[in-house]
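Below are the chains, spelled out letter by letter.
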Amino acid sequence: MAANKEPNAIVPLLSRALHRIRSTPPRIIASPATQPRRAAVAIILRVSPPPNYVFPASPQSADGGSPTNVPVPTLTEFFQLDWVNAPGARPEILFLRRERPDGNDGGRMSGSGPNTREAHVAFPGGKTEEGDEGGLYTAMRQTWEEIGLDLAEQSYTPIGQLDDREITTSLGKRLLMILSPFVFLQLTPQTTPVDPSPGTTLHWVPLSALLPRPVGDGPRWSTVSVDASSRLAPRHSTVMRILVRLLVGSMKFPAILIPVSPYPPPSLPESADEKAIDAKRARVEAAGSAPSSLKRDHSLQFRARRSQDEETLKLWGLSLGMTLDLLAHMAPPEARRGAGGAALLPPDAEAELLRVPVMAPSLASVFPRFGYPDVNFWIWVFGKRYRAVIRGWEASVRAGGTNDRRINWTGSALTTFYAAVRKALVVVIVVRAILVLLGLFLGGWFLFWR
């Protein structure tokens, strides 16, 4: 057994969250006729047993893989297993780092983009394709294509879906697609073999690195800088981009620093990994109904990819919002009715963005601040409706313990916040243009008429 004898406080919180997600219907956003595109991601969780935990002997399958005749536990039974509740067991969440995010959406599903060089993480997933049976199928298919992980195996169980999210551009004015996050739980202590696509690395991150004290280690907040001209100026107008960059500056998005885990993911022996990968590919590719896109390039050698440098990854944007949605389900009822959500906020969010108590961390933690203080001031001036949305969320949570399913709180916050941003930027640009003209006038008067 592990040397740590303290009880694991995160496992009961994770159990509460997953049971709550399974029993709570998600808020589904219908795609408008003008923009029918949808996407889905897989949020994959596991409990890593203590390094020194000794499992009882069990019969093995003929190919040396997973044990045979072992019944699949239910969600409740899983959290009653000895190795799950053993001191030192570590609940973890899977993030990916893509060296080159999907260029079709500019990396927005990952919370990334082509205008930042930050090392970011995301969830496996992608766009819904013709023939997909639904969002759940899309998440499972994209996970298989990207990292070779078959979520249809008995080692994994789908928990449920978090609320849909809108992916927008042009400061929230244009809808790109609807994103559906699905939560999965690994039921076995050993992670099944994976085969990431080139340029993709896997990072199992302990939930303790994301949860506030005293339960976790406390999230380490940082920022991600994005060139504001990439969001406001025409793509092919160099002059306008330079002008906007000078007038507006940069956008700073809140981010959580993700440590690169020093622990290799628990897995089967290498020979068993190779056999399992080959058997999995043969089974999928032999099925006539399987899309051709599921057929990955053959690679007999299992590649356990890990980051070779010591850089710190950052979780931000949509991925941060979905992660905080999950963590909010882990809060005890008394924290959800109080100000417990503020512990999941960046240090300056309450003062600069809301100036009201926070109950919905994901609503506030994904919106940017600007590099110039006057831009943030005018956003606050025009942000009355945005603050009203947050108060409405607060009232809903305090009244019933869950948000009002009839209201798209995330979409309303997104719309009202970026409406305030657009008004603020107009005022800032006009004021600065006046100051520039006034400066030119005074300079000309000083030189020629004095």
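Residues numbered from 1 in each chain as written. Predicted model: local features only at pLDDT ≥ 70, side-chain atom pairs only at ≥ 80, totals over all residues. Heavy atoms only, no water.

**Remarks on the overall build of the protein chain**
Put simply, the test is: The helix count covers DSSP runs of H or I at least four residues long, the strand count covers runs of E at least two residues long, and both are numbered beginning at the N terminus. The cut-offs for exposure are 20% and 50% of the maximum accessible area for each residue type, with area from a 1.4 Å probe on protein chains only; residues under the lower value are buried, those over the upper are exposed, and the others partly exposed. Contacts are residue-level and defined by heavy atoms, with any inter-residue pair within 4.5 Å sufficient. Note that accessible areas follow from Shrake-Rupley with a 1.4 Å probe, and for residues the cover is restricted to the protein chains shown.
Tallying secondary structure elements over the protein chain gives 14 helices and eleven strands in all. Counting over 450 residues, the protein chain shows a buried share of 50%. In the protein chain, of all internal contacts separated by at least 6 residues, the share reaching a separation of at least 24 is 77%. Accessible surface computed for the protein chain: about 21,800 Å², of which carbon and sulfur atoms make up 58%.

**Considering the confidence of the model for the protein chain**
Just so we agree on the cut-off: On a scale of 0 to 100, pLDDT captures the predictor's confidence in every residue.
For the protein chain, mean pLDDT is 77; residues scoring 70 or higher make up 70% of the total. Of all the helices and strands in the protein chain, helix α10 (residues 349-354) carries the lowest mean pLDDT, 42, while strand β1 (residues 38-48) carries the highest, 97. Predicted confidence for residues 262-274 stays below pLDDT 50, and this span has 23 contacts to residues more than four positions away or in other chains. Low pLDDT (under 50) marks residues 350-360, which in the prediction has 35 contacts with non-local residues, meaning those over four places away or in another chain.

**A word on the pairing of β1**
How we decide: One requirement defines pairing of two strands: DSSP has to find at least two bridges between them.
Burial within β1 is extensive, with ten of its eleven residues counted as buried. Where β1 meets strand β6 (residues 174-186), eight bridges bridge the pair, whose relative direction is parallel. In the sheet register, Ala-42 faces β6, and the bridge partner there is Phe-182. The sheet contact formed by β1 and strand β3 (residues 125-127) spans three bridges and is antiparallel. Paired with Ala-40 across the two strands is Gly-126, which belongs to β3.

**Notes on the packing of aromatic side chains**
Test applied: The pairing test for Phe, Tyr and Trp rings, Trp by its six-membered ring, is centres within 6.5 Å, and the orientation test on the planes gives stacked under 30 degrees, edge-to-face over 60, and tilted for anything in between.
Tallied over the full model, the rule gives 14 aromatic pairs. Plain terms: the ring middles of Phe-253 and Trp-316 are 5.3 Å apart, the flat faces sit at 55 degrees to each other, and that makes the pair tilted. Note that Phe-253 is positioned in strand β9 (residues 250-258) and Trp-316 in strand β10 (residues 313-316), a separation of 63 residues in sequence. For the pair Phe-253 and Trp-316, a shared accessibility class is recorded, and that class is buried. Here a set of aromatic residues connected by ring pairs shows up, and it is made of Tyr-53, Phe-55, Phe-78, Phe-79 and Trp-83.

**Digging into helix α4 (residues 135-147)**
Residues lying three or four places apart along an α-helix face the same way, a consequence of the helix completing one turn every 3.6 residues. To be explicit about the condition: Every helix has an expected span of 1.5 Å times one less than the residues it contains.
Taking 1.5 Å as the rise per residue, α4 with 13 residues should run 18 Å; its terminal C-alpha atoms sit 18 Å apart, in good agreement. For α4, the complete set of buried residues consists of Thr-138, Ala-139, Arg-141, Gln-142, Thr-143, Trp-144, Glu-145, Glu-146 and Ile-147. Phi for Gly-148, located one or two positions after α4, is positive at around 70 degrees.

**Comments concerning the packing of helix α12 (residues 373-381) against helix α14 (residues 409-448)**
The axes of two packed helices give the description: the angle between them and the distance between them. The criterion, for reference: Angular values range over 0 to 180 degrees, each being the angle between N-to-C directions of two axes fitted as lines to C-alpha atoms, with helices fitted over their stretch in contact. The labels follow the angle: roughly parallel below 35 degrees, roughly antiparallel above 145, roughly perpendicular from 65 to 115, and oblique for the rest. Two helices crossing with the near one rotated counterclockwise from the far one by less than a right angle form a left-handed crossing, whereas a clockwise rotation gives a right-handed crossing. In this count, Pro and Cys sit with the nonpolar residues alongside Ala, Val, Leu, Ile, Met, Phe, Trp and Tyr, while Asp, Glu, Lys and Arg are called charged and the others, Gly among them, polar.
Interhelical geometry of α12 versus α14 gives an angle of 130 degrees and a closest axis separation of 8 Å. What the angle tells us is that α12 and α14 run oblique. You can see that α12 and α14 cross each other, and the crossing is right-handed. Contact residues: Asp-374, Val-375, Trp-378 and Ile-379 in α12; Phe-417, Ala-420, Val-421, Ala-424, Leu-425, Val-427, Val-428 and Arg-432 in α14. Residues of the contact of α12 with α14, tallied by class, amount to ten nonpolar, no polar and two charged.

**What to know about helix α1 (residues 10-23)**
Here α1 spans 20 Å end to end across 14 residues, near enough to the 20 Å set by a 1.5 Å rise per residue. For α1, the complete set of buried residues consists of Ile-10, Val-11, Leu-13, Leu-14, Ser-15, Ala-17, Leu-18, Arg-20 and Ile-21.

**A word on the pattern of salt bridges**
Our working definition: We define a salt bridge as a side-chain nitrogen of Lys or Arg found within 4 Å of a carboxyl oxygen belonging to Asp or Glu.
Evaluated as defined, the whole model comprises ten salt bridges. Note that Glu-146 and Arg-98 form a salt bridge whose closest N and O atoms lie 2.4 Å from each other. Residue Glu-146 is found in helix α4, and its partner Arg-98 is found in strand β2 (residues 90-98); the two are separated by 48 residues along the sequence. Of the residues examined, Glu-146 reaches a relative accessible area of 11% and is grouped as buried. Ionic pairing is found between Arg-165 and Asp-325, a salt bridge with its closest N-O pair at 3.1 Å. A residue pair is termed long-range when its members are at least 10 positions apart, and Arg-165 in strand β5 (residues 165-169) and Asp-325 in helix α8 (residues 317-329) qualify at 160 residues. Counted as one network, the salt bridges with shared partners bring together Glu-129, Asp-132, Arg-141 and Glu-145.

**Some words on the environment of Val-428**
You can see Val-428 is positioned in helix α14. Sequence separation between Val-428 and Leu-247 is 181 residues; the distance between their C-alpha atoms is 7.9 Å. Discounting residues that sit within four places of it in the chain, Val-428 has contacts with Leu-247, Asp-374, Val-375 and Trp-378.

**Some points on the packing of α1 against α8**
Contact pair α1 / α8: the axes reach a minimum separation of 7 Å and the direction vectors enclose 105 degrees. In terms of orientation, α1 and α8 fall into the roughly perpendicular class. Along the contact surface, α1 presents Arg-16, Ala-17, Arg-20 and Ile-21, while α8 presents Leu-326, Ala-328 and His-329. Of the residues belonging to the contact of α1 with α8, the class tally is four nonpolar, one polar and two charged.

**Brief notes about the nonpolar core**
Under the convention used in this document: Each nonpolar core is a collection of buried residues, namely Ala, Val, Leu, Ile, Met, Phe, Trp, Tyr and Cys, held together in the definition by side-chain atoms within 4.5 Å.
In this structure, Leu-18, Ile-93 and Leu-207 are the most contacted members of the largest nonpolar core, which totals 50 residues. Every residue in contact with Leu-18, bar those within four places of it in the chain, is listed here: Leu-45, Leu-75, Phe-79, Ile-159, Val-183 and Leu-185.

**Details of the environment of Ser-48**
Along the polypeptide, Ser-48 turns up in strand β1. A relative accessible area of 6% means that Ser-48 is categorised as buried. The spatial distance from the C-alpha of Ser-48 to the C-alpha of Trp-83 is 8.7 Å, given a sequence separation of 35 residues.

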